[in-house]
2 protein chains.
Amino acid sequence: MESIPERVFDKLAEKNIKPSFHRIKVLEYLMVNKNHPTVEQIYSSLKKLFPTLSKATIYNSLNLFVEKGLVQPITIEETEIRYDSTVESHGHFKCECCRKIYDFGIDIDSIPSSGLDNFIIYSKEIYYRGICRNCADVKSSQRS
Amino acid sequence: MESIPERVFDKLAEKNIKPSFHRIKVLEYLMVNKNHPTVEQIYSSLKKLFPTLSKATIYNSLNLFVEKGLVQPITIEETEIRYDSTVESHGHFKCECCRKIYDFGIDIDSIPSSGLDNFIIYSKEIYYRGICRNCADVKSSQRS
DNA sequence: GTTTGTATTTATAACCGTTATAAATTTATA
DNA sequence: TATAAATTTATAACGGTTATAAATACAAAC
Ligand SMILES: [Mn+2]
Ligand SMILES: [Mn+2]
Ligand SMILES: [Zn+2]
Ligand SMILES: [Zn+2]
């Protein structure tokens, strides 16, 4: 079992991205924190560890990672982009109540679609919205 | 077969939205132009017909329609929201080349998913990205 | 080791889609 | 007609993202 620091290096090397100090930290953050963080969340967390860090570096790194297919942007929010280092097929559920974004299992490629003959498909995203189990529980217990 | 103006009235009445002049025009625009227009596109088109129109009215109307479930916001773009008066199950494909957003057929509710037990699902969105048939044709003919 | 060129990071201004606010106008009610 | 409520307008404010140029770090050549 490879450790996260090792995997960070491998992933960067795999995509021919020079492993600068900050890039390593940003990718590592995403691989440790799988809760689809925003730029602001990544920035404020890493800023505590490295006070000279600039927010532009977060944008630079993330845009590079997305361009190279290392990281997936999640546009389920209308206001800001979230980032996910898991690029394998899975769906995202946003709870309208607690705003948390959950992963869920779904095999996107097994889904039949029509009207896309001769279209070249690069990526597929599935977004569900609603109320998560935790929030639904709270609501139903409030009712009783 | 009901005409679009009739359907506009019915849809607004169905959701208890007062059919003001501008709301009718905005919804009518969305039902005629099924190309998932942005606020700017709706505004500049209607502004030509009604020069006193304010962009805030477009935002007001669309936000009301979305809130009432009459219109679906499409967040496939990172920069701006697009709007769709078709709320029935279908997917959206964005061509990275010509930027056009296509509808495609997909039965979202037939897709099995895991990890969402006891989650309450309000809406489902499916976004694909890639190169549309037209752009793929152009590219392959350029190669030859 | 020093010089020179390149890549990365930093700091900050600019951009732009959206929201908030208050005044003006229209519509409904008494 | 007078009054209240709803809608529209105009515009300022907000906030996430991008653009820009200077500063710093890194690498290659000498
Ligand atoms: Mn995820
Ligand atoms: Mn559509
Ligand atoms: Zn929740
Ligand atoms: Zn195209």
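To start, this report covers the structure provided alongside it. Predicted model, so just to flag it, every value in this text is computed and none were measured. (Residues numbered from 1 in each chain as written. Chains lettered and ligands numbered in written order. Predicted model: local features only at pLDDT ≥ 70, side-chain atom pairs only at ≥ 80, totals over all residues. Heavy atoms only, no water.)

**Some remarks on the protein's contact with DNA strand C**
Next, step 1: Looking at DNA strand C, there are 16 residues lining it, with Ser20, Arg23 and Thr57 of chain A together with Tyr59 and Ile81 of chain B nearest.
Next, step 2: What you see for DNA strand C is that sugar and phosphate hold 77% of its atoms within 4 Å of the protein.
Next, step 3: Within the side chain of His22 of chain A, one N or O atom sits 3.3 Å away from a phosphate oxygen of DNA strand C.
Next, step 4: Going through the elements one at a time, helix H2 (21-32) and helix H4 (55-67) of chain A together with helix H4 (55-67) of chain B are the ones with two or more residues in the surface near DNA strand C.
Next, step 5: Per element, the largest residue contribution to the surface near DNA strand C is 3 residues, and it comes from H4 of chain A.
Next, step 6: Class assignment of the residues belonging to the surface near DNA strand C gives a composition of 5 nonpolar, 8 polar and 3 charged. (Near = heavy atom within 4 Å. Polar contact = N/O pair within 3.5 Å; in protein donor to acceptor, adjacent residues only side chain to side chain. Helix = DSSP H or I, 4+ residues; strand = E, 2+ residues; numbered from the N terminus. Nonpolar A, V, L, I, M, F, W, Y, C, P; charged D, E, K, R; others polar.)

**Concerning the coordination of the manganese ion (ligand 2)**
All names here are of chain B.
Next, step 1: Bound to the manganese ion (ligand 2) are the protein donor atoms His36 (NE2), Asp84 (OD), His90 (NE2), His92 (NE2) and Asp103 (OD), situated 2.0 to 2.3 Å from the metal.
Next, step 2: Mapped onto the polypeptide sequence, the residues donating to the manganese ion (ligand 2) form the spacing pattern H-x47-D-x5-H-x1-H-x10-D. With His36 in the loop between helix H2 (21-32) and helix H3 (39-49) and Asp103 in strand S4 (residues 101-106), this residue pair connects regions lying 67 residues apart in the sequence.
Next, step 3: Owing to a relative accessible area of 36%, Asp103 belongs among the partly exposed residues under this scheme. (Donors = N, O, S within 2.8 Å, 3.2 Å for Na, K, Ca; no water. Buried < 20%, exposed > 50% of the residue type's maximum accessible area, 1.4 Å probe, protein only.)

**What to know about the packing of aromatic side chains**
Next, step 1: Under the criterion given, the structure shown has 11 aromatic pairs over all chains.
Next, step 2: With centroids separated by 5.1 Å and ring planes inclined at 85°, the aromatic side chains of Phe21 of chain A and Phe50 of chain A adopt a geometry described as edge-to-face. Here Phe21 of chain A, found in helix H2, pairs with Phe50 of chain A, found in the loop between helix H3 (39-49) and H4; they are 29 residues apart in sequence, far enough to count as distant.
Next, step 3: The class for Phe21 of chain A is partly exposed, based on a relative accessible area of 46%.
Next, step 4: Ring geometry for Phe104 of chain B against Tyr128 of chain B: centres 4.7 Å apart, planes inclined by 35°, an arrangement best described as tilted. (Phe/Tyr/Trp six-rings, centres within 6.5 Å; stacked < 30°, edge-to-face > 60°.)

**Quick look at the coordination of the manganese ion (ligand 1)**
All names here are of chain A.
Next, step 1: Protein-derived coordination of the manganese ion (ligand 1) comes from His36 (NE2), Asp84 (OD), His90 (NE2), His92 (NE2) and Asp103 (OD), at a distance range of 2.0 to 2.3 Å.
Next, step 2: Of note, the donors binding the manganese ion (ligand 1) are all from one chain and are spaced H-x47-D-x5-H-x1-H-x10-D. Taken as a pair, His36 in the loop between H2 and H3 and His92 in strand S3 (residues 91-95) lie far apart in primary sequence, 56 residues in all.

**Describing the interface of chain B and chain A**
Often, the extent of an interface is quoted as the loss of accessible area upon association of its parts.
Next, step 1: Counting from both sides, the interface comprises 33 residues of chain B and, opposite them, 33 residues of chain A.
Next, step 2: Summed over both partners, the interface of chain B with chain A comes to about 3,100 Å²; 62% of that surface belongs to carbon and sulfur atoms.
Next, step 3: Its largest share of buried area at the contact with chain A, chain B owes to Phe119, Tyr128 and Arg129 of chain B, together 19% of the area lost on that side.
Next, step 4: Linking chain B with chain A are 13 residue pairs in polar contact (both at pLDDT 80 or more).
Next, step 5: When residues of the side of chain B that touches chain A are traced back to their parent elements, those giving at least two are S4, strand S5 (113-114), strand S6 (120-131) and helix H5 (133-143) of chain B.
Next, step 6: The dominant element in the side of chain B that touches chain A, judged by the number of residues it contributes, is S6 of chain B, at 12 residues.
Next, step 7: A per-class count over the side of chain B that touches chain A returns 19 nonpolar, 7 polar and 7 charged. (Contact = heavy atoms within 4.5 Å. Buried area = accessible area lost by both parts, 1.4 Å probe.)

**Some thoughts on the packing of H2 of chain B against H4 of chain B**
Residue and element names in this part refer to chain B.
Next, step 1: Following both chains from N to C, one finds H2 and H4 inclined at 70°, their axes separated by 10 Å at the closest point. The angle between the axes of H2 and H4 places the two elements in the roughly perpendicular class. Residue-level contacts link His22, Arg23, Val26, Leu27 and Leu30 of H2 to Thr57, Ile58, Ser61, Leu62, Leu64 and Phe65 of H4.
Next, step 2: Per-class residue counts for the contact of H2 with H4 are 7 nonpolar, 3 polar and 1 charged. (Axes fitted to C-alpha atoms, helices over the stretch in contact; angles between N-to-C directions. Parallel < 35°, antiparallel > 145°, perpendicular 65-115°, else oblique.)

**Considerations on the environment of Glu125 of chain A**
Next, step 1: One can find Glu125 of chain A in strand S6 (residues 120-131).
Next, step 2: Judged by relative accessible area, Glu125 of chain A falls into the buried class, the value being 5%.
Next, step 3: The spatial distance from the C-alpha of Glu125 of chain A to the C-alpha of His90 of chain A is 8.0 Å, given a sequence separation of 35 residues.
Next, step 4: Filtering out sequence-adjacent residues up to four positions away, Glu125 of chain A remains in contact with Gln72, Pro73 and Thr75 of chain A together with Glu125, Ile126, Tyr127 and Arg129 of chain B.
Next, step 5: Of note is the side chain of Glu125 of chain A, whose polar atom sits 3.0 Å from the side chain of Arg129 of chain B.

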